[in-house]
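Inside the fold
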Amino acid sequence: MVSARDTTSVELHGKSYSLPQRPTVVVCVDGFDPEYLQAGIEDGILPTMEAFVKSGFHATADCAMPSLTNPNNMCIITGVPTGHHGISGNFYLDKETGKEHMILDDSTMRGTTVLAKLADAGVRVAAITAKDKLRRIIQHGLSPEKGSICFSAQCANESTAAEQGMDNVEAWLGQSAPSQYSGELSLFVLDAGLKLLQEKRADFFYLTLSDYIQHKYAPRSREANDFMHAIDTRLGEFVRLGAVVAVTGDHGMSDKADENGKPNVLFLGDFLDSKWPESRAKVICPITDPFVKHHGALGGFVRVHLTDTSVVGDMLAACRKLPQVETALTGEEAAALYEMPLDREGDIVVIAKKNFAIGSKREEHDLSNLDGHRLRSHGGLSEQQIPLLRSTAVDPKDVSETKKWRNFDIFDLALNY
């Protein structure tokens, strides 16, 4: 039980969040397409989440755009779209310097997080990530001095009490840090959260997983079923230990290969260079991160930066005619429509149709590591939908029938209803 404090809530971005009155666990299942939930319930392999749907709370929500990991984890822990916190990709072009950067820490984010606010109010926060790139972002405002614990499964062997709030995580948990390319990386996160709960070392948990399995295996495949069942079993353990459990995803997932298994890819950089070589169009794939092996840095959303913006109108018209393209917008239009930070936007945004991916130039993408698997990826509008679940019921009087749920409502759902 959480001890009494001087305040009963915290506020961020105009929203209020009640402090937890019992252990509260929020899980972000990376790549949690609704098809995994539906198929798993139909096949009887997700009894815990089925119970959430039947006797707790369930909605199909939308994630923020682009439907990528870094932006949506930040949206979840801030409760707002990317336009507020400023992280709208895993990878970006600095328009002032012209240099490309991987986002690996919190140096480009704006403001603070609900996690940090809870920690400041005396809540013992445990934030555990599968990937260390996220740990270094999510740890913003958390410190051992505040009673916070924050480490990644990927670098569990490097955890220290001084920085992450725990020494020797591997020895404590009795597990070695798994390969970054494995489903076990996510299960390590959940197992660590369970042990912290058993030892009563935290009041509020944010546990965010990896989508390695979802990138490689479709719903109802043996590998996907085994992985989702393992997650479900651990969610049941959290409930058994007395926690309120809320679950969502950072984005969905779509198959992006043809009937023969060949990736359906539009190499937009090659196309633009062939028509406007003088424009020196730079196509940025914001899905790019240190974990490119399973998707080759190919997703459904790209940004185009131009040295000659006089061709924007002609480029947009040409892009909109391409059979692989769902929509093409100016940066201003995209930022306004999808609530993204305008100052970090490209001159053009191009979004793929569901079963297509968009890349830069063919030579810049290595798909050899797909190793016979179909290309499955995300980033576009077709991967926005994700489940939103809670273990306990919500009074219907507290929720408008017309409410449009977003994944970044998950802390609100976990703490306020």
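Summarised in this report is the structure supplied together with it. All values derive from a computational prediction rather than experimental measurement.

The helix and strand tally for the chain stands at 14 helices and 19 strands. The C-alpha radius of gyration computed for the chain amounts to 21 Å, which stays within 12% of the reference 22 Å derived for 417 residues, consistent with globular compactness. Seen along its three principal axes, the alpha-carbon backbone of the chain occupies a region of about 65 × 45 × 45 Å. Across the 417 residues in the chain, those meeting the buried criterion constitute 60%. Partitioning the intrachain contacts of the chain with sequence separation of at least 6 by distance along the chain shows that 72% fall at a separation of at least 24. When the accessible area of the chain is evaluated, it comes to approximately 16100 Å², of which 46% is carbon and sulfur surface.

Further remarks concern the nonpolar core. Counting residues in each nonpolar core, the largest one holds 49 residues, and the members touching the most others are Val 27, Phe 32, Phe 151, Leu 207, Ile 231 and Val 247. The dominant element in this core, judged by the number of residues it contributes, is helix H8 (residues 184-198), at 9 residues. The contact partners of Val 27, leaving out residues within four places of it in the chain, are Leu 190, Leu 207, Leu 209, Leu 235, Ala 246, Val 247 and Thr 248. In terms of nonpolar packing, the next biggest core, distinct from the first, is built from 42 residues, Leu 115, Ile 138, Phe 204 and Tyr 206 among them.

Let us now look at the sheet that holds strand E8 (residues 149-152). On the basis of which strands lie adjacent, the open sheet formed by 7 strands has the order E4-E19-E10-E3-E9-E7-E8 and mixed pairing. The strands lining the two open edges of the sheet, one partner per strand, are strand E4 (57-62) and E8. Neighbour-to-neighbour, the strand axes of this sheet turn through a mean angle of 10°, independent of strand direction. Pairing geometry for strand E10 (residues 244-248) and strand E19 (residues 385-390), over 2 bridges, is antiparallel. By the bridge assignment for E19, Val 247 is matched with Leu 389. Docked against the sheet, helix H2 (residues 47-55) engages E4, E10 and E19, running at close to 80° with respect to E19.

Attention now moves to the environment of Glu 158. Within the secondary structure, Glu 158 sits in the loop between E8 and helix H7 (169-173). Residue classification places Glu 158 among the exposed positions, given a relative accessible area of 53%. Each C-alpha atom, one on Glu 158 and one on Glu 170, is 9.2 Å from the other, the two residues being 12 residues apart in sequence.

Note that the residue after Met 65, namely Pro 66, is joined by a cis bond; omega there is -5°. Along the chain, the position of Pro 66 falls in the loop between E4 and helix H3 (69-78). Even without glycine at this site, Lys 200 takes up a positive phi of about 55°. Structurally, the position occupied by Lys 200 is in the loop between H8 and strand E9 (204-208).

The next point concerns the pattern of salt bridges. Close approach of charged atoms allows side chains with opposite charge to pair. According to the stated counting rule, one finds 26 salt bridges in the structure shown. Its salt-bridge partner being Glu 345, residue Arg 303 comes within 2.5 Å of it at the nearest N-O pair. In this pair, Arg 303 sits in strand E14 (residues 301-305) while Glu 345 sits in the loop between helix H13 (331-338) and strand E16 (348-352), placing the two residues 42 residues apart along the sequence. Taking relative accessible area as the criterion, Arg 303 reaches 4% and is therefore assigned buried.

The element strand E15 (residues 325-330) is largely enclosed, with a buried count of 5 among its 6 residues. Pairing geometry for E15 and E16, over 5 bridges, is antiparallel. Residue pairing for E16: Ala 328 is matched across the bridge by Val 350.

Between two aromatic rings, the relevant description is the distance of the centres plus the angle of the planes. If you walk through the whole model with that rule in mind, you get 5 aromatic pairs. An angle of 75° between the planes, with centres 5.1 Å apart, marks the rings of Phe 204 and Phe 411 as edge-to-face. One end of the pair, Phe 204, is in strand E9; the other, Phe 411, is in helix H14 (residues 410-416), with 207 residues separating them in the sequence. Of the two residues, Phe 204 and Phe 411, neither departs from the other in class, the shared state being buried. What links up through ring pairs into an aromatic cluster is the set Phe 57, Trp 405 and Tyr 417. One Lys or Arg, Lys 275, reaches over the ring of Trp 276 and ends 5.7 Å from the middle of that ring. Note that Lys 403 overlies the ring of Trp 405, its terminal NZ or CZ placed 4.6 Å from the centroid.

Attention shifts here to the environment of Asp 258. Position of Asp 258 relative to the elements: it lies in the loop between strand E11 (254-255) and strand E12 (265-267). Its relative accessible area of 23% is what places Asp 258 among the partly exposed residues. Leaving out residues up to four positions away in the same chain, Asp 258 has contacts with Asn 264 and Arg 374.

Here the focus is the sheet that holds E15. With antiparallel pairing, 4 strands are arranged side by side in an open sheet as E13-E14-E16-E15. Each end of this open sheet is capped by a strand with a single partner; those strands are strand E13 (282-284) and E15. Shown here is a sheet whose adjacent strand axes are inclined to one another by a mean of 20°, direction ignored. The pairing of E14 with E16 spans 4 bridges and is classified as antiparallel. The residue of E16 that forms the bridge with Val 302 is Val 350. Packing of H13 onto the sheet brings it into contact with E15 and E16, and relative to E15 it is tilted by some 105°.

Burial analysis of H3 places 10 of its 10 residues in the buried class, the great majority of the element. Every buried residue belonging to H3 is among Thr 69, Asn 70, Pro 71, Asn 72, Asn 73, Met 74, Cys 75, Ile 76, Ile 77 and Thr 78, and all of these are buried. Two residues or fewer past H3, Gly 79 is found with a positive phi of approximately 80°.

Thresholds applied
- Residues numbered from 1 in each chain as written.
- Predicted model: local features only at pLDDT ≥ 70, side-chain atom pairs only at ≥ 80, totals over all residues.
- Heavy atoms only, no water.
- Helix = DSSP H or I, 4+ residues; strand = E, 2+ residues; numbered from the N terminus.
- Rg over C-alpha atoms; globule rule 2.2 N^0.38 Å.
- Buried < 20%, exposed > 50% of the residue type's maximum accessible area, 1.4 Å probe, protein only.
- Contact = heavy atoms within 4.5 Å.
- Areas by Shrake-Rupley, 256 points an atom, 1.4 Å probe, with all protein chains shown as cover.
- Core = buried A, V, L, I, M, F, W, Y, C linked by side-chain atoms within 4.5 Å.
- Pairing = 2+ DSSP bridges.
- Axes fitted to C-alpha atoms, helices over the stretch in contact; angles between N-to-C directions.
- Salt bridge = Lys/Arg side-chain N within 4 Å of Asp/Glu carboxyl O.
- Phe/Tyr/Trp six-rings, centres within 6.5 Å; stacked < 30°, edge-to-face > 60°.
- Lys NZ or Arg CZ within 6 Å of the ring centre and 35° of its normal.

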